[in-house]
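Read off the chains here:
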2 protein chains.
Amino acid sequence: MKACVLFSGGKDSSLMATILDRLGMDVELVTVNFGIYDSWKAAAESAKALDFEHKVLKLNKKIIIKAVEKILEDGFPNNGINYLHKKVVEKVAKKYPVVADGTRRDDRVPKLNIDEIRSLEDKNDIEYITLRGMGHKTINRLSARLFKLRKIDSKLMKTSDYEVEIRYLIKKIGEKPESYFPPSHYQTQVIGWK
Amino acid sequence: MKACVLFSGGKDSSLMATILDRLGMDVELVTVNFGIYDSWKAAAESAKALDFEHKVLKLNKKIIIKAVEKILEDGFPNNGINYLHKKVVEKVAKKYPVVADGTRRDDRVPKLNIDEIRSLEDKNDIEYITLRGMGHKTINRLSARLFKLRKIDSKLMKTSDYEVEIRYLIKKIGEKPESYFPPSHYQTQVIGWK
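Predicted, not measured: the structure shown is a model, and the values here were computed from it.

Details of the overall build of chain A
Scanning chain A for helices and strands turns up seven helices and seven strands. Going residue by residue from the N terminus, the α and β elements of chain A occur as β-α-β-α-β-α-α-β-α-β-α-β-α-β. Against the globule reference of 16 Å for 194 residues, chain A gives a C-alpha radius of gyration of 16 Å, in line with a compact fold. Summarising its shape, the C-alpha atoms of chain A cover approximately 45 × 40 × 30 Å along the three principal directions. In chain A, which comprises 194 residues, the share counted as buried stands at 56%. When contacts within chain A are restricted to residue pairs at least 6 apart in sequence, those whose partners lie at least 24 apart make up 76%. When the accessible area of chain A is evaluated, it comes to approximately 8,800 Å², of which 49% is carbon and sulfur surface.

Points about the pairing of strand β1 (residues 2-6) of chain A
Residue and element names in this part refer to chain A. In terms of residue burial, β1 counts as a mostly covered element, since four of its five residues are buried. Two strands pair when backbone bridges link them, and β1 and strand β2 (residues 26-33) are joined in this way by five bridges, in the parallel orientation. Across the sheet, the residue bridging to C4 is E28, located in β2. Between the parallel pair β1 and β2, the chain is carried across by helix α1 (residues 11-22), and the sense of this crossover is right-handed.

Here we look at the relation of the copies chain B and chain A
For the pair chain B and chain A, the superposition axis carries a translation of 0.0 Å, the fit reaches an RMSD of 0.0 Å, and the rotation angle comes to 180 degrees. What the rotation and shift describe, once combined, is the action of a two-fold rotation axis. Of all interface residues in chain B, 100% are interface residues in chain A too; the two copies therefore contact each other through one and the same surface.

Digging into unusual backbone geometry
Residue and element names in this part refer to chain A. Omega for the peptide link from V109 to P110 comes to -15 degrees, which places this bond in the cis form. Structurally, the position occupied by P110 is in the loop between β4 (98-104) and α5 (114-124). Phi at D51 is positive, roughly 65 degrees, even though this residue is not glycine. Exposure remark for D51: the relative accessible area of 69% places this residue in the exposed category.

Regarding the nonpolar core
If you look at the biggest cluster of nonpolar residues, it comprises 52 residues, and the most contacted ones within it are L15, L20 and M134 of chain A together with L15, L20 and M134 of chain B. For M134 of chain A, the contacting residues outside a window of four places in its chain are L15, I19, R104, R105, I139 and L142 of chain A together with L23 and I129 of chain B.

Conventions and cut-offs
- Residue indices begin from 1 for each chain and proceed along its sequence in written order.
- Chains carry letters from A onward and ligands carry numbers from 1 onward, assigned in written order.
- For a predicted model such as this one, the threshold for reporting local features is a pLDDT of at least 70, and the threshold for listing and counting side-chain atom pairs is 80 or more; totals across whole chains, interfaces and linings nevertheless cover every residue.
- Think of the side-chain values as coming from all heavy atoms in the structure, minus any hydrogens and water.
- Elements are defined by DSSP. Helices are runs of H or I of four residues or more, strands are runs of E of two residues or more, and each kind is numbered from the N terminus.
- With the radius of gyration taken over C-alpha atoms, the globule rule is written as 2.2 Å times the number of residues to the power 0.38.
- Working definition: with a 1.4 Å probe on protein chains only, accessible area under 20% of the residue-type maximum means buried, over 50% means exposed, and in between means partly exposed.
- We call two residues in contact when some of their heavy atoms are within 4.5 Å.
- For the area figures, the Shrake-Rupley method with a 1.4 Å probe applies, and any residue is considered shielded solely by the protein chains shown.
- By this definition, two strands are paired if DSSP reports at least two bridges between them.
- Classification remark: right-handed applies to a crossover when, strands pointing away from the viewer, the course from the first strand over the helix to the second runs clockwise.
- Copy-to-copy alignment: least squares on C-alpha atoms, limited to residues at pLDDT 70 or above in both.
- By nonpolar core is meant a set of buried Ala, Val, Leu, Ile, Met, Phe, Trp, Tyr and Cys residues that side-chain atoms within 4.5 Å join together.

In structure tokens form, the structure reads like this:
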């Protein structure tokens, strides 16, 4: 069965894809993009290095604009990112019978709550799968063993997280992304199998 | 790395074991038994059919006696089973660096909450892994594709769930298990690979 894994090129979504692939599912990696910035490129590279099928799904700018409005209003990114992720999951749920992402047990955002998950599955007659059975220790250990990894400074905007287009949009409208996100942190990109 | 999967011979714990095995972990299936009834036999059969290493871990009767006391007091099994499961997980956490079980997103019992999980991991310096990223639809579909399955009437006491020894103990002390558990339901035993 075809399964869409929402893919950033990071270790969480790579591990999710690996699990479903090894259980015999027909995995397609999907990176969403809102036409603000070509942030999907890192994910495309990672997907190629792992030899998975990869698609970029262009979604309506309105979604990210609304997410950024929320972030500016709140002064912090959590609700905006959650809103964005929920919209993204709803979109891909119209296209695939199985939708998965790399959200883990210890993540706070993005995260659908159990009622949102059940409603998503029932309304669209799909399955939604996450990494919520695993904590960060397990995911770090497994991905260090499975994947070649590269650390990337988030400032460089070279990953495919939602954060990149959000930061770009915030800058574009004359605000400072640093006021809403931690000034600089490291993200991990998967660059191949070990 | 050695990973203990708490194993009943059912599809949830079999799927958990399969995932960890296919991620390259050294899986050991463990079925606990309190010396009340030889309910571990079904799990041993399933483990053999799947060609996984299997151990029976004998635990102190006091644990199941206390669980049964809770069940009789409450009039329903949830708290007693949760208590039992928590004790079991704590015991195996002393012996293995990774402890996994087949608890799923939609299970209500047995289930450790997030604080219990973090405390378990930190206190014992272990990883705890579950199937909580998956709902029943996903687990049913995957296990139907991976495993040969057999349905078993719970009345026959031929599975290796906690419920079997609990029912046996309740009967032994002159009470009716049917007053505390649904009178008859079907459980699934894994009897091989497809």
